Number of protein chains: 4
Amino acid sequence: MVTRLALLGAGRIGKVHAKAIASDKRAKLVAVVDAFADAAQAIADETGANISTIDAVLENADIDAVIICTPTNTHADLIERFARAGKAIFCEKPIDLDVARAQSCIDVVKETGAKIMLGFNRRFDPHFRAVRKAIDDGQIGKVEMVTITSRDPGAPPPEYIKVSGGIFRDMTIHDFDIARYLLSEEIVSVFATGSVLVDPKIGELGDYDSASIILTTESGRQAIISNSRRATYGYDQRIEVHGSLGSVAAENQRPVSIEVATKDGYTRPPLHDFFMTRYTAAYAAEITAFIDAIENDVAPSPSAQDGLIALKLADAALKSVREKVLVQIA
Amino acid sequence: MVTRLALLGAGRIGKVHAKAIASDKRAKLVAVVDAFADAAQAIADETGANISTIDAVLENADIDAVIICTPTNTHADLIERFARAGKAIFCEKPIDLDVARAQSCIDVVKETGAKIMLGFNRRFDPHFRAVRKAIDDGQIGKVEMVTITSRDPGAPPPEYIKVSGGIFRDMTIHDFDIARYLLSEEIVSVFATGSVLVDPKIGELGDYDSASIILTTESGRQAIISNSRRATYGYDQRIEVHGSLGSVAAENQRPVSIEVATKDGYTRPPLHDFFMTRYTAAYAAEITAFIDAIENDVAPSPSAQDGLIALKLADAALKSVREKVLVQIA
Amino acid sequence: MVTRLALLGAGRIGKVHAKAIASDKRAKLVAVVDAFADAAQAIADETGANISTIDAVLENADIDAVIICTPTNTHADLIERFARAGKAIFCEKPIDLDVARAQSCIDVVKETGAKIMLGFNRRFDPHFRAVRKAIDDGQIGKVEMVTITSRDPGAPPPEYIKVSGGIFRDMTIHDFDIARYLLSEEIVSVFATGSVLVDPKIGELGDYDSASIILTTESGRQAIISNSRRATYGYDQRIEVHGSLGSVAAENQRPVSIEVATKDGYTRPPLHDFFMTRYTAAYAAEITAFIDAIENDVAPSPSAQDGLIALKLADAALKSVREKVLVQIA
Amino acid sequence: MVTRLALLGAGRIGKVHAKAIASDKRAKLVAVVDAFADAAQAIADETGANISTIDAVLENADIDAVIICTPTNTHADLIERFARAGKAIFCEKPIDLDVARAQSCIDVVKETGAKIMLGFNRRFDPHFRAVRKAIDDGQIGKVEMVTITSRDPGAPPPEYIKVSGGIFRDMTIHDFDIARYLLSEEIVSVFATGSVLVDPKIGELGDYDSASIILTTESGRQAIISNSRRATYGYDQRIEVHGSLGSVAAENQRPVSIEVATKDGYTRPPLHDFFMTRYTAAYAAEITAFIDAIENDVAPSPSAQDGLIALKLADAALKSVREKVLVQIA
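Sequence positions are assigned chain by chain, starting from 1 and proceeding in written order. Each chain gets a letter, beginning with A, and each ligand a number, beginning with 1, in the order they are written. Selection of residues for local features in this predicted model requires a pLDDT of at least 70, selection of side-chain atom pairs for listing and counting requires 80 or more, and totals for whole chains, interfaces and linings are taken over all residues. To get the side-chain values, take all heavy atoms of the structure and skip hydrogens and water.

Concerning the relation of the copies chain B and chain A
In this comparison the copies share one frame, found by least squares on the C-alpha atoms of residues holding pLDDT of at least 70 in both. Expressed as a screw operation, the relation of chain B to chain A combines 0.0 Å of axial shift with a rotation of 180°, fitting to an RMSD of 0.0 Å. When the rotation and shift are considered jointly, the pair of chain copies conforms to a two-fold rotation axis. In terms of proximity to the rotation axis, the leading residue of chain B is Val325(B), whose C-alpha is 3.1 Å off the axis. The fraction of interface residues of chain B whose copies in chain A are also interface residues reaches 100%, indicating that both copies meet through the same surface. Two residues qualify as a contact provided that any one of their heavy atoms is within 4.5 Å of a heavy atom in the partner residue.

Notes on the UniProt feature "domain: GFO/IDH/MocA-like oxidoreductase" (unreviewed entry) in chain A
UniProt positions are given in the numbering used here, feature names are shortened, and annotations may be inferred rather than shown by experiment. Under the local residue numbering, the UniProt record ascribes the feature "domain: GFO/IDH/MocA-like oxidoreductase" (unreviewed entry) to residues 128–248 of chain A. Numbering of helices and strands starts at the N terminus; helices are DSSP runs of H or I of at least 4 residues and strands are runs of E of at least 2. In the segment residues 128–248 of chain A, helix accounts for 31% and strand for 36%; the C-alpha atoms at its two ends are 10 Å apart.

Things to note about the domain arrangement of chain A
Residue and element names in this part refer to chain A. Where each domain starts and ends comes from a domain assignment, either automatic or drawn from a database. Under the domain assignment used here, chain A contains domain 1 (3–114) and domain 2 (123–282 + 310–328). Once you take the C-alpha centre of each, domain 1 and domain 2 turn out to be 27 Å apart. At the junction of the two partners, domain 1 supplies 10 residues and domain 2 supplies 13 residues. When two parts are brought into contact, each loses some accessible area as probed by a 1.4 Å sphere; the total of that loss over both is the buried area. Between domain 1 and domain 2, the buried area comes to about 960 Å², and carbon and sulfur atoms account for 70% of it.

Regarding the pairing of strand S8 (residues 187–195) of chain C
Residues and elements named next belong to chain C. Classification of residues uses two cut-offs on accessible area relative to the type maximum, computed with a 1.4 Å probe and protein chains only: under 20% is buried, over 50% is exposed, and between them is partly exposed. Among the nine residues of S8, eight are classified as buried, and the element is accordingly described as predominantly covered. When DSSP locates at least two bridges between a pair of strands, those strands are taken to pair. As judged from the two bridges shared by S8 and strand S15 (residues 327–328), these two strands associate in the antiparallel manner. Each bridged residue has a counterpart across the sheet, and for Val190 the counterpart in S15 is Val327.

Regarding the packing of aromatic side chains
When two rings of Phe, Tyr or Trp (its six-membered ring) have centres within 6.5 Å they constitute a pair, described as stacked for plane angles under 30 degrees, edge-to-face for angles over 60, and tilted for the intermediate range. Under the defined criterion, the tally for this structure stands at 34 aromatic pairs over all chains. In this structure an aromatic cluster arises from ring pairing among Phe128(A), Tyr235(A), Phe274(A), Phe275(A), Tyr279(A) and Tyr283(A). Consider the ring centre and the ring normal. A charge sits over the ring if Lys NZ or Arg CZ is within 6 Å of that centre and within 35 degrees of that normal. Arg254(B) extends its terminal NZ or CZ atom over the ring of Tyr266(C), reaching a point 4.2 Å from the ring centre. Over the ring of Phe128(C) we find Arg278(C); its NZ or CZ atom is 5.5 Å from the centre of that ring.

Topic: the relation of the copies chain A and chain C
Once chain A has been moved 0.1 Å along the axis and rotated by 180°, it coincides with chain C to within an RMSD of 0.0 Å. Interface residue correspondence from chain A to chain C reaches 100%, placing this contact among same-surface, isologous pairings.

Things to note about the packing of helix H4 (residues 72–84) of chain A against helix H5 (residues 99–112) of chain A
All names here are of chain A. The geometry of H4 relative to H5 is characterised by a closest axis approach of 9 Å and an angle of 5° between their N-to-C directions. The angle between H4 and H5 falls in the class roughly parallel. Contacts between H4 and H5 involve Ala76, Asp77, Ile79, Glu80, Ala83 and Arg84 from the former and Arg101, Ser104, Cys105, Val108, Val109 and Thr112 from the latter. For the contact of H4 with H5, the class distribution of residues is six nonpolar, two polar and four charged. Under this scheme, a helix contributes an axis fitted over its contacting stretch, all axes are lines through C-alpha atoms, and angles between N-to-C directions fall in the 0 to 180 degree range. To sort the angles, those under 35 degrees are grouped as roughly parallel, those over 145 as roughly antiparallel, those from 65 to 115 as roughly perpendicular, and the leftovers as oblique. The nonpolar class holds Ala, Val, Leu, Ile, Met, Phe, Trp, Tyr, Cys and Pro. Asp, Glu, Lys and Arg form the charged class, and all remaining residues, Gly among them, are polar.

Structural notes on the pattern of salt bridges
Salt bridges are defined by distance alone: a side-chain nitrogen of Lys or Arg within 4 Å of a carboxyl oxygen of Asp or Glu. Enumeration over the complete set of coordinates arrives at 114 salt bridges over all chains. Notably, a salt bridge pairs Arg26(C) with Asp292(C), separated by 2.7 Å at the nearest N-O pair. Here the residue Arg26(C) occupies a position in the loop between helix H1 (12–22) and strand S2 (27–33), and Asp292(C) occupies one in helix H11 (residues 280–296), the gap between them amounting to 266 residues. Arg26(C) gets classed as partly exposed once you look at its relative accessible area, which sits at 23%. When the shortest N-O distance is used, the salt bridge between Arg122(D) and Asp175(D) registers 2.8 Å. Of this pair, Arg122(D) sits in the loop between strand S6 (116–118) and helix H6 (126–136) while Asp175(D) sits in helix H8 (residues 167–183), placing them 53 residues apart in sequence. Asp175(D) shares its class with Arg122(D); the two are buried.

Some remarks on the sheet that holds strand S3 (residues 50–51) of chain C
Residues and elements named next belong to chain C. Taking strand neighbours across the sheet as the criterion, the six strands line up as S3-S2-S1-S4-S5-S6 in an open arrangement whose pairing is parallel. Strand pairing shows two members of the sheet lacking a second neighbour, S3 and strand S6 (116–118), which therefore form its edges. As paired strands, S2 and S3 are joined by two bridges and run parallel to one another. Among the inter-strand pairings, Ala31 is bridged to a residue of S3, identified as Asn50. Sitting on the sheet, helix H4 (residues 72–84) is in contact with strand S1 (3–8), strand S4 (65–68), strand S5 (88–91) and S6, with an inclination near 165° to S5.

Topic: the UniProt feature "domain: Gfo/Idh/MocA-like oxidoreductase N-terminal" (unreviewed entry) in chain A
With numbering matched to this structure, UniProt assigns "domain: Gfo/Idh/MocA-like oxidoreductase N-terminal" (unreviewed entry) to residues 4–120 of chain A. Secondary structure within residues 4–120 of chain A divides into 47% helix and 21% strand; the distance between the first and last C-alpha atoms comes to 22 Å.

So, unusual backbone geometry
The omega torsion across Ser301(B) and Pro302(B) is 5°, close enough to zero to call that bond cis. Of note, Pro302(B) is situated in the loop between helix H11 (280–296) and helix H12 (304–323). A positive phi angle, close to 55°, is found at Asp297(A), a residue other than glycine. Among the secondary structure elements, Asp297(A) is positioned in the loop between helix H11 (280–296) and helix H12 (304–323). Classification of Asp297(A) as exposed rests on a relative accessible area of 59%. Here Ser184(C), not a glycine, exhibits a phi torsion of approximately 65°, which is positive. Its place among the elements puts Ser184(C) in the loop between helix H8 (167–183) and S8.

Comments concerning the interface of chain A and chain C
Residue-level contacts link 26 residues of chain A with 26 residues of chain C. Sorting the residues of chain A by area buried against chain C places Ser257(A), Ile258(A) and Val260(A) first, and these three jointly supply 25% of that buried surface. Counting across the interface, chain A meets chain C through two salt bridges. With its nearest N and O atoms 2.7 Å apart, the salt bridge here joins Lys25(A) to Glu46(C). Contacts described as polar in this section are N or O atom pairs within 3.5 Å, which, within protein, must combine one atom able to donate a hydrogen with one able to accept it, while residues neighboring in sequence count only if both atoms come from side chains. Inspection of the region where chain A meets chain C yields 10 residue pairs in polar contact (both at pLDDT 80 or more). Among the secondary structure elements, those contributing two or more residues to the side of chain A that touches chain C are helix H6 (126–136), strand S12 (246–250) and strand S13 (258–262) of chain A. Split by residue class, the side of chain A that touches chain C holds 14 nonpolar, seven polar and five charged.

Listed below in structure tokens is the structure:
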């Protein structure tokens, strides 16, 4: 059996998914849609998919599922339309920048019984999964404290900041999801601090570029997140989980792991340049999990609900920074 | 010239300082005082110092300086007495658990013009100093975010918790000082969360054994501290500083740095068992700095004021946890 | 343009190459040949290639190139036949276990002007290439000493030893090639010692399972190779190059790079299980280089001559062990 | 009980031993002898020892033991004289550059029953001892292959080369001893290659600056030694032991273990600058072992015989390089 897919949105992340789809023989990309004809054409050329439109994909009974990589403000509408059309849906985070809109979208999805998976790619990173497995295997005992370091190589342009919902909704949202994945308990409080240390333009837009966040769970487990929009040495992605019997950590991955020793010391090359290269294996495993869920007719994970919770945590963080308070999560 | 020292308190940390004194030829331990005769005798045997009393040391014109390692509740009184007696003073942190008492003690010290140095040993660790030097050399640009991981190998007994002032005043206080040392700006706000995950008895005493803290400075620099009273793998002491041009980190030190590879993987031995072995070089360098200050007739650093500020940050952290609020520092 | 390939031999290494071919869109596997129908079928199913025969591939004008993964004793004949048929040839090492036969085969290839590339996959490993690049960039100055550690996870079965030509011809041959690649000078002497420490059956077959080899070049550069047929901790593949200005090393690669800390220490998982997983990227880059050579109509590298030299070094090592002498290379 | 020591030779290594003696309270340096008055005076000032002469030390019944750090060509005579005088003897390697002279010296020592210990400091390095312990504990099974990397930061002056006996007798001799310590079997054959790659002056003196050596034992265990007189990145001292159940390695030690990450990569500072700083703990433990042997009235280890064997291996290596042959050890 082959799952036939349409890709909606042929931008940076669309290309990543097109490549991931090509790595799973059970998946076939048959259609690609983008307002920019050139972007769609490039992926069509690369993959053999046809160029199509939203409406045509909706009506095409031969298409089993869609990969939504369009701008954020289109996600909820597209999810609802494709859910009603009976397609399985993979959607990049977030469902919507507005929690109420995201919730109403999820309600529609539930009515239709559509399969939906949210694009929290890091859960599929083999190293992070190995961390989770070490926890599941009891190697570190009961989880107590999670530390997540997550820094982008460079700040995005102001245009992106304007529509992204800000650092907590576009960047930390991944860390909120990974924190939940590792804490194994729901988060009940959020405290965040944010500063503008990297680029004053970010501050002018009302956003932050440097943030520290503390999350707690009902039983008192704690997670710390450290974010920056700039890391000169590459895409910094580390996690560490401390438990009653020990600790487990996933260090940064490197594209080339040599070390040169000279009179100036021992030098290893910088990290990956960004998520496209750092998480190649994760994106492939993510699509594989999506195909697995379709083939086995089970609900995909992470779910739309996971997406909603991460978004609520992002909102709480923003409120915490702005009002300088600890925010309780309902 | 030889500086003649008296050691007040011959317990665990007293022994550490006796050993450190022995490593600097310019220092000579001539007297040791302790309520427990056996403890004093052990150090006297080891060092050749005479067993003495507080009063005798006060009156002994041949003693230049005292090392105060007695219980915390005696620190302020001893500092005042020895300051008035014209001795140079090295005192283990804290001056007092009560900020007002610490302040009044400092006032006395100022009146007398006595030299006083607080026992923040970590500032003298060669690896942490190398981190500081990398910052000073401009290698990472402007400091933006500091991350401190500080975990004890095991929880102290309830008796200790009762008199220590709790986790923030006895353990995190070192991290507050190191955060200040690395941030290079005064801290203006403290948020802390605390849980009891390690030992319920600690909770019964009103204290916490697991804590996460966020500090900020006026310009928006941030520091994160992660504390636990238990780390099965040893005494976990790491710092990392992220700046505009890069990052610098000091990893854990190990007593033995071999690695064994078998079918089960690659294994390195656990970390140092506690501060006495981890910070041997730091304790020696600390005494050396104290002697330097005496010989050169300059004010020692860290000062009593540094001790007071760290104590205030500890109080703020406790208030933050208890009242679930962000605490501003005056 | 698409290069149309036939795969001769559908065994373990054949599967590796089939997968590598699938990763380069400019290459298309159109035929697969194997005496074992099931093996051929498996690859045909996986890739869409047709099952074929040697003769049919020879006569098929639509096939541009062959990948020879058949048993070693068929290599020379197949190379000659396909060279005469005007196909480009990629052949697994060695050309033949007999130097004279390998030489006569190369003579035929030269007459025909056929393109031929030898399967020294390690030259294409991104980490080893980065080592080579660091040398080329002058980072370590003039190359002086090369150290190669190369250990298999476990000994092959006696059946393999019987036909492989022994440890120097089937295993060390890769290290000889990498030594040449890194030394940047031809090797003029070989000294080897061999022992049977892993499996007595290997000794009964006249072979060795543990070997140490020293190579030298005309100008006095030195290479050391350490080989074992058993490494409980996985496939151990390390190189280090020492030069006048410094040193560069490529450490082992790991399938999962987490570390678990407990009271027993810090443990990282074992290495890759063998070459199929360790050198995935190298095999893909190797095929890419082969396709590049075909497309650009240039001689592929490493060449048949490189294969012959490595074989001569293997013969020299065997002679050195058996006769306990230093062997000069003509 | 305090062991009273005289230090013969107040040069570079004499200073190292004076410092080591000061770290063991059971040892007291009471006399120092050197032809250069200033050198002797410096150590006398530092330690409180008296300046003395060989003859005075010989006749001084209050001196229990001597530490011989004089030029190599005086070692054998001094050993004999002090053995006859009933002193315990610690002597820097080698006993003599001439095997026959060393042997006759050992004969005299045996007659007198004097305690003698040879200065192979590396056996006392805590990391190397931990490697040995891992072997003794059975963690890696049966020892099969030992790899020793030993590179000096820079070449010694020609004056030193002239009297040192050359690279094998002054530098590799330590590696021969460590190889024996780790192989746990006597060495039966030596093959060595030597080149002049670092400094042509060394070649003009008939010596080598870059060497690779293979040692084997009766049962076929193998050791590889890699030596260079120059390592721009510091004093490179690594060992690795491969066994039937696994492997154990001691990596290089670093004076400061921080890492700075910038756009140019991750950089750790260079290694220790030489043996005085790298082996501080080893020198202290070595003296402690010497004092232990005296206090417990047992034969010290490593013995004069260990020194003789290492010297014979050095001679064998030199013969191997010069005659291009494998040298069997009687």
